[in-house]
Amino acid sequence: AHAKGLVGILNGIDPGVWNPSTDPHIISRYDVVDPLPKARCKTALQKALGLPARPDTPVLGMVARLDTQKGIDLLLGCASQLLRQDVQLVVQGSGDPEFTTALAALAKDMPEKVAFRTEFDDGLAHRIIAGSDLFLVPSRFEPSGLTQLYAMRYGTVPVVRNTGGLRDTVVDCDASLGTGTGFVFDELTPDAFYGAIARGLSAYAQTDRFASLRRRVMRLDHAWDRAARRYAAI
């Protein structure tokens, strides 16, 4: 009824805080011109969390409140299928005791594949985002979302649900990886989420194309300056 008077403006990120070329929390700085040092961030993350330092094994990161809204149940629903693959899963978050217990059990049962941290540690969040290859945001709803923006700034390709601000900021990749900025799924089911992750893992295996995709997402401008111009225009 009020569509003519409503305007949606996405959140922005502070490039002074979320910037892989200056970030004091990560072991090696990098940028879109020279993203190769990102590999050192991955190795450092694996070692710090007690995971085997395997450079070719894709690391899937997630930093989120452990709540149904964030789709944690979807992750747990496809975890057994996902962890049969050559992957490592790193999750930081706190919230619902049921989800906390389930993730802690996964990490205990598969310490070579799963690392889970519940403490709030901003530096660790930076290191997870910098050290991961894919970043998981399977939210049920998300008015804007920030973690997918942080991830893209750090060259970590997002896997997101087709909702809200995730839909507005992440474009689903085509089969050849020639277009798109991430991997998007529609249905609120573990199978649909796993399908999007599987497409991301397939892309990761295409080394040169994935490197191009990584550079593409790093070039995106999601700084607050852009959002501020929208506010000023209105």
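Here the structure is a predicted model, which is why all the values come from computation and not from measurement.

Q: Sorry if this is basic, but what is going on with helix H1 (residues 38–48) here?
A: Those residues of H1 lying buried are Lys38, Cys41, Lys42, Leu45 and Gln46. All buried residues of H1 fall inside an arc of 135° around its axis, so they share one side. The exposed set on the far side of H1, more than 90 degrees from its buried face, consists of Lys47 and Ala48. Residues of H1 that are buried make contact with strand E1 (59–63), strand E2 (88–92), helix H4 (122–131), helix H7 (190–204) and helix H8 (207–218).

Q: Even after reading the chapter, I still don't get the packing of aromatic side chains, so can you show me in this structure?
A: The description of two aromatic rings rests on the distance between their centres and on the angle between their planes. In this structure the tally under the stated criterion is five aromatic pairs. Measuring from ring centre to ring centre gives 3.8 Å for Trp18 and Tyr150, while their planes differ by 10°; the resulting arrangement is stacked. Here Trp18, found in the segment before H1, pairs with Tyr150, found in helix H5 (residues 147–153); they are 132 residues apart in sequence, far enough to count as distant. According to the relative accessible area criterion, Tyr150 is buried, its value standing at 14%. Put simply, the rings of Trp18, Tyr30, Tyr150 and Tyr154 pair up and form one aromatic cluster.

Q: Looking at this model, I keep getting lost on the nonpolar core. Mind explaining?
A: Across soluble globular proteins, nonpolar side chains have a tendency to be buried as a group. In this structure, Leu60, Leu75, Leu136 and Phe193 are the most contacted members of the largest nonpolar core, which totals 67 residues. By residue number, the principal contributor to this core is H7, which donates seven residues. Apart from the residues within four sequence positions on either side, Leu60 is in contact with Leu82, Val87, Gln88, Leu89, Val90, Ser132, Leu134, Leu136, Ile197 and Leu201.

Q: Looking at this model, I keep getting lost on the packing of helix H2 (residues 72–82) against helix H3 (residues 97–109). Mind explaining?
A: To describe two helices that pack against each other, one gives the angle between their axes and the distance between the axes. The N-to-C vectors of H2 and H3 enclose an angle of 35°; their axes lie 11 Å apart at closest approach. In the packing of H2 onto H3, the handedness of the crossing is left-handed. Of H3, the residues touching H2 (which contributes Ile72, Asp73, Leu75, Leu76 and Ala79) are Phe99, Ala102, Leu103 and Leu106.

Q: So what exactly am I meant to see when it comes to the sheet that holds E1 here?
A: Hydrogen bonding along the main chain pairs the strands of a sheet, whether they run parallel or antiparallel. Taken together, the six strands give an open sheet; going across it, the order is E3-E2-E1-E4-E5-E6, and neighbouring strands pair in parallel fashion. Two strands bound the open sheet, and with one partner strand each, they are strand E3 (114–117) and strand E6 (183–185). Each strand of the sheet is rotated relative to its neighbour by a mean of 15°, with strand direction disregarded. Relative to strand E4 (residues 134–137), E1 runs parallel, the two sharing two bridges. Residue pairing for E4: Gly61 is matched across the bridge by Phe135. Docked against the sheet, H3 engages E2 and E3, running at close to 140° with respect to E3.

Q: Would you mind going over the pairing of E2 with me for this structure?
A: Regular strands show a simple pattern: their side chains alternate between the two faces of the sheet. Burial within E2 is extensive, with five of its five residues counted as buried. Burial along E2 is two-sided: the face carrying Gln88, Val90 and Gln92 and the face carrying Leu89 and Val91 are both buried. Note that the unit made of E1, H2 and E2 has a crossover that is right-handed. Sheet topology note: the E2/E3 ladder contains four bridges and is parallel. Looking at the pairing, Val90 lines up with Ala115 of E3. The β-α-β motif built from E2, the intervening H3 and the parallel element E3 has right-handed crossover chirality.

Q: Teacher, can you tell me more about the environment of Leu45 here?
A: For Leu45, the location among the structural elements is in helix H1. Its relative accessible area of 4% is what places Leu45 among the buried residues. Once the C-alpha coordinates of Leu45 and Thr156 are considered, the two residues, 111 residues apart in sequence, prove to be 14 Å apart. In contact with Leu45, other than residues within four places in its own chain, are Val59, Leu124, Arg127, Ile128, Gly131 and Ser132.

Q: Help me understand the packing of H2 against H7 in this model?
A: Interhelical geometry of H2 versus H7 gives an angle of 55° and a closest axis separation of 8 Å. Taken as axis vectors, H2 and H7 run oblique relative to one another. Remark: the crossing between H2 and H7 carries right-handed chirality. On H7, the residues touching Leu74, Leu75, Gly77, Cys78, Gln81 and Leu82 of H2 are Pro190, Asp191, Phe193, Tyr194, Ile197 and Leu201.

Thresholds applied
- Residues numbered from 1 in each chain as written.
- Predicted model: local features only at pLDDT ≥ 70, side-chain atom pairs only at ≥ 80, totals over all residues.
- Heavy atoms only, no water.
- Buried < 20%, exposed > 50% of the residue type's maximum accessible area, 1.4 Å probe, protein only.
- Helix = DSSP H or I, 4+ residues; strand = E, 2+ residues; numbered from the N terminus.
- Arc of directions from axis to C-beta.
- Contact = heavy atoms within 4.5 Å.
- Phe/Tyr/Trp six-rings, centres within 6.5 Å; stacked < 30°, edge-to-face > 60°.
- Core = buried A, V, L, I, M, F, W, Y, C linked by side-chain atoms within 4.5 Å.
- Axes fitted to C-alpha atoms, helices over the stretch in contact; angles between N-to-C directions.
- Left-handed = near helix turned anticlockwise from the far one by under 90°.
- Pairing = 2+ DSSP bridges.
- Right-handed = clockwise from strand over helix to strand, strands pointing away.
- Parallel < 35°, antiparallel > 145°, perpendicular 65-115°, else oblique.

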